[in-house]
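# Close look at the chain arrangement
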Amino acid sequence: MEVAHAPASPPAVTNGRPVTETFALAGRRLRHLRRTPGRLVGIVLNPLVMLLAVGYLFKDAIVAPQGGDYQEYLMAGIAVQVGLAGNGPTAISIAMDLRAGLMERFRSLPISRAAVLVAHALADLLVGLAVLAVITLVGLAIGWRPHGDPLSVAAGFAVAGGFIFVMVWVGITLGMMVKNVESIDSIGALVLVVCTFLSNAVFPAAAMPAWLRPVVEWNPISAVADSCRHLWGNPTANSTGFPGEHPHLVVSMWFAVLLAGTVWTSLSRFRRAAV
């Protein structure tokens with residue numbers, strides 16, 4: 001008499017070790033991205049086009065605060081834009097996994113629930129950091145220079161990397177909640193444009209209408225960009241409000257609030273997700 005054997009689950013994700021499961025699933029995500037590089041084009045092109053169009057072609061037409069070098073002012077805003085550009089593709093990937101039933105399959109496996117989303121976040125963080133490296137090299141090629149000491153410059157990149165990680169979780173949350181790819185694509189484009197131009201990433205708050213300046217100054221994008229500028233020794237937005245005078249503190253506050261909110265919401269939605 002034949003004895004039916006249940007198909008063996010992949011050993012890399014069934015050993016009961018959340019860390020191992022997380023890295024195994026992150027590897028799966030990176031392999032998938034390598035097979036579909038088209039999803040990464042937008043993440044690279046949006047900040048790259050902004051850097052070349054505004055920071056190189058129109059560098060002499062725009063004056064940075066206190067007469068500083070505009071390329072050096074803009075670079076922090078472009079670094080922040082890398083995180084914004086990755087928001088939509090992350091959300092779309094989550095929504096497509098939900099639509100295909102892949103998330104439901106993961107939920108049925110004896111693995112940590114958190115490992116599935118954390119792995120996705122880590123993989124997309126690595127992609128964002130790779131894009132940030134490309135943008136940095138292009139910035140150096142067209143004239144951007146940091147003037148801080150090596151530790152401060154590294155800290156500035158750590159802030160930019162932290163923002164990319166936070167925005168990855170924002171994208172995961174968006175994908176878990178909206179699920180419709182077409183809607184996510186529109187929302188992602190809107191977030192990229194609105195958050196960029198309602199901040200001091202490209203233009204300082206002083207160049208905007210007085211009624212809009214408080215919004216610009218308290219925008220998390222502004223705080224992250226100014227924090228990077230301070231650490232890199234580049235011209236800052238020269239804001240006199242609390243966010244401008246304490247950008248590192250404001251960045252820490254925004255990171256804590258956004259990360260706690262998005263991680264909790266994503267994991268809660270994942271546990272209840274049904275396809």
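Throughout this document, residue positions are counted from 1 along each chain, in the order its sequence is written. For a predicted model such as this one, the threshold for reporting local features is a pLDDT of at least 70, and the threshold for listing and counting side-chain atom pairs is 80 or more; totals across whole chains, interfaces and linings nevertheless cover every residue. Water and hydrogen atoms play no part in the side-chain values, which are based on all heavy atoms of the structure.

A separate point is the overall build of the chain. Starting at the N terminus, helices and strands are each numbered in turn, a helix being any DSSP run of H or I of at least four residues and a strand any DSSP run of E of at least two. Secondary structure summary: the chain contains eleven helices and zero strands in total. Ordered by position in the sequence, the α and β elements of the chain form the string α-α-α-α-α-α-α-α-α-α-α. A compact globule built from 275 residues would reach a C-alpha radius of gyration of about 19 Å, and the chain, at 20 Å, matches this within 12%. When its C-alpha atoms are laid out on the principal axes, the chain stretches across 85 × 35 × 35 Å. Burial status follows relative accessibility: with a 1.4 Å probe on protein chains alone, a residue under 20% of its type maximum counts as buried, one over 50% as exposed, and anything between as partly exposed. Within the span of the chain, comprising 275 residues, buried residues form 47% of the whole. Pairs of residues are marked as contacts when any of their non-hydrogen atoms sit within 4.5 Å. Counted over contacts in the chain with a minimum sequence separation of 6, partners at least 24 positions apart contribute 77%. For accessible areas, the Shrake-Rupley method is used with a probe of radius 1.4 Å. Any residue's cover is judged against the shown protein chains and nothing else. Surface exposure of the chain reaches about 13100 Å², of which carbon and sulfur atoms provide 67%. Our radius of gyration is a C-alpha quantity, and the globule rule it is checked against amounts to 2.2 Å times the number of residues to the power 0.38.

Each patch is built from salt-bridge-free residues with over 30% relative accessible area, joining like charges within 9 Å and nonpolar side chains (Val, Leu, Ile, Met, Phe, Trp, Tyr) within 5 Å. Any carboxyl oxygen of Asp or Glu that lies within 4 Å of a side-chain nitrogen of Lys or Arg is treated as forming a salt bridge with it. A surface patch of nonpolar side chains, amounting to about 420 Å² of accessible area, comprises Leu190, Val193, Val194, Phe197 and Phe203. In this fold, Phe203 is placed in the loop between helix 7 (181–197) and helix 8 (213–218). For Phe203, a relative accessible area of 32% corresponds to the partly exposed category.

Moving on: the packing of helix 1 (residues 18–35) against helix 5 (residues 113–142). Helix-helix packing is characterised by the crossing angle of the two axes and by the distance between the axes. Geometry is summarised by axes, namely lines fitted to C-alpha atoms with helices restricted to the contacting stretch, and by angles between N-to-C directions that run from 0 to 180 degrees. Look at helix 1 against helix 5: their axes get within 8 Å of each other, and the N-to-C directions meet at 50°. Here helix 1 is positioned oblique relative to helix 5, judged by the angle of their axes. The interaxial crossing formed by helix 1 with helix 5 has right-handed handedness. Residues Pro18, Glu21, Thr22, Leu25, Ala26, Arg29, Leu30 and Leu33 of helix 1 pack against Ala115, Val116, Val118, Ala119, His120, Leu122, Ala123, Asp124, Leu126 and Val127 of helix 5. For this classification, the nonpolar set comprises Ala, Val, Leu, Ile, Met, Phe, Trp, Tyr, Cys and Pro, the charged set comprises Asp, Glu, Lys and Arg, and every other residue, Gly included, is treated as polar. Partitioning the contact of helix 1 with helix 5 into residue classes produces 13 nonpolar, two polar and three charged. Should an angle lie under 35 degrees it is considered roughly parallel, over 145 roughly antiparallel, and from 65 to 115 roughly perpendicular; all remaining angles are considered oblique. The crossing is said to be left-handed when, going from far helix to near helix, the turn is anticlockwise and less than a right angle, and right-handed when the turn is clockwise.

Quick look at helix 9 (residues 220–232) now. Expected span of a helix, by definition, is 1.5 Å for each gap between consecutive residues, and there is one gap fewer than residues. When the terminal C-alpha atoms of helix 9 are compared, their 18 Å separation across 13 residues agrees well with the 18 Å that a helix rising 1.5 Å per residue should span. The element helix 9 is largely enclosed, with a buried count of twelve among its 13 residues. At its buried positions, helix 9 is contacted by helix 3 (70–100), helix 6 (150–178), helix 7, helix 8, helix 10 (242–245) and helix 11 (247–272). Positive backbone phi, approximately 75°, marks Gly233, located one or two places after helix 9.

This part takes up the packing of aromatic side chains. Each aromatic pair joins two rings of Phe, Tyr and Trp (for Trp, the six-membered one) with centres within 6.5 Å, and gets the label stacked for planes under 30 degrees apart, edge-to-face for over 60, and tilted for any other angle. This model, assessed by the stated rule, comprises five aromatic pairs. Consider the rings of Trp144 and Phe157, whose centres lie 6.4 Å apart with planes at 85°: the pair is edge-to-face. Of this pair, Trp144 sits in the loop between helix 5 and helix 6 while Phe157 sits in helix 6; the two residues are 13 residues apart in sequence, bridging distant segments of the chain. On the basis of relative accessibility, which here comes to 2%, the residue Trp144 falls in the buried class. Here Phe157 falls in the partly exposed class, since its relative accessible area comes to 24%. Plain terms: the ring middles of Trp218 and Phe242 are 6.2 Å apart, the flat faces sit at 10° to each other, and that makes the pair stacked. Highlighted residues: Trp218 in helix 8 and Phe242 in helix 10, separated in sequence by 24 residues. By relative accessible area, Trp218 is classed as partly exposed at 39%. Our definition puts a charge over a ring when NZ of Lys or CZ of Arg is within 6 Å of the ring centre and also within 35 degrees of the ring normal. Here the basic side chain of Arg229 rests over the ring of Tyr73, its NZ or CZ set 3.8 Å away from the ring centre.

Here we take up the environment of Arg29. If you trace the backbone, Arg29 turns up in helix 1. Judged by relative accessible area, which is 4%, Arg29 ranks as buried. With 241 residues separating them in the primary sequence, Arg29 and Phe270 have C-alpha atoms 17 Å apart.

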